[in-house]
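Chain by chain, the residues run as shown.
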Amino acid sequence: MKLSPIAFQAPQVAQTQRVSNPVKSTPKMALKTLDKDVFEKSPKKEFSNEDAMALMREELKDAMSEKELDTYMKTLDDACKQLEIEPKNLPINEEHPGNLTKDQRLQIFTLLKFDSLSELA
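Definitions and cut-offs
- Residues numbered from 1 in each chain as written.
- Predicted model: local features only at pLDDT ≥ 70, side-chain atom pairs only at ≥ 80, totals over all residues.
- Heavy atoms only, no water.
- Core = buried A, V, L, I, M, F, W, Y, C linked by side-chain atoms within 4.5 Å.
- Buried < 20%, exposed > 50% of the residue type's maximum accessible area, 1.4 Å probe, protein only.
- Helix = DSSP H or I, 4+ residues; strand = E, 2+ residues; numbered from the N terminus.
- Contact = heavy atoms within 4.5 Å.
- Salt bridge = Lys/Arg side-chain N within 4 Å of Asp/Glu carboxyl O.
- Polar contact = N/O pair within 3.5 Å; in protein donor to acceptor, adjacent residues only side chain to side chain.
- Expected span 1.5 Å × (residues − 1).
- Arc of directions from axis to C-beta.

(A) Representation of the nonpolar core within the structure. Residues Met56, Met73, Leu76, Cys80, Leu90, Ile108 and Leu112 are the most contacted members of the largest nonpolar core, which totals 15 residues. Those elements giving two or more residues to this core turn out to be helix H1 (49–60), helix H2 (66–83) and helix H3 (102–120). If one sorts the elements of this core by residue count, H2 sits on top with 5 residues. In contact with Leu90, other than residues within four places in its own chain, are Met56, Leu76, Cys80, Ile85, His96, Pro97, Gly98, Leu100 and Ile108.

Put into structure tokens, the structure is as follows:
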């Protein structure tokens, strides 16, 4: 038994270089700048310690008598000095939530509460 010769020829393939993420050229863009700052800050007065105390007094005036308010404000001022906390950092209202740490809040609350209890005795 004779086998016929078979020609095994692989097809010719041209080798190409493949790039996984080809870089495409992007069109040049001309950016224009504005003549003035769009986000220009409005002139705003800085919130001082005196402003904070005045605002605190205003917020509390309906809840206390004038004598109680004077006593409370004096106690608050003394507590701020003792704890070395600036009154402008106290939580006053929604616009001025303050930036005291949890420990500072606890300390000032304790001092104010202790002082109010000592007045009752």
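So much for the structure itself; the text now carries on.
(B) Inspection of the pattern of salt bridges at higher detail. Taken as a whole and judged by the stated rule, the model has 7 salt bridges. The salt bridge involving Asp70 is made with Arg57; its shortest N-O contact spans 3.0 Å. Remark: Arg57 occurs in helix H1 and Asp70 occurs in helix H2; sequence separation between them is 13 residues. By relative accessible area, which is 29% here, Arg57 ends up partly exposed. Between Glu58 and Lys61 there is a salt bridge, and its shortest N-O distance comes to 2.9 Å. Linked through salt bridges whose partners overlap, the residues forming this network are Glu46, Glu86 and Lys88.

(C) Spatial organisation of the side chain of Thr75. In this fold, Thr75 is placed in helix H2. Only 2.8 Å separates the side chain of Thr75 from the backbone oxygen of Thr71, close enough to count as a polar contact.

(D) Structural view of H2. Helix length check: H2, at 18 residues, gives a terminal C-alpha distance of 26 Å against a target of 26 Å (1.5 Å per residue), a fit within 8%. Of the positions making up H2, those classed as buried are Leu69, Met73, Thr75, Leu76, Ala79 and Cys80. Around the axis of H2, the buried residues are gathered within 165° of arc, so they sit on the same side. Facing away from the buried side of H2, by more than 90 degrees, are the exposed residues Lys67, Lys74, Lys81 and Gln82. Downstream of H2 by a residue or two, Glu84 has a phi angle that is positive, lying close to 55°.

(E) Up close: H1. For H1, built from 12 residues, the straight-helix expectation of 16 Å at 1.5 Å per residue is met to within 8% by its first-to-last C-alpha distance of 17 Å. Those residues of H1 lying buried are Ala52, Met53, Met56 and Leu60. Projection of H1 onto a plane perpendicular to its axis shows the buried side chains occupying an angular sector of 95°, all on one side. Elements in contact with the buried residues of H1: H2.

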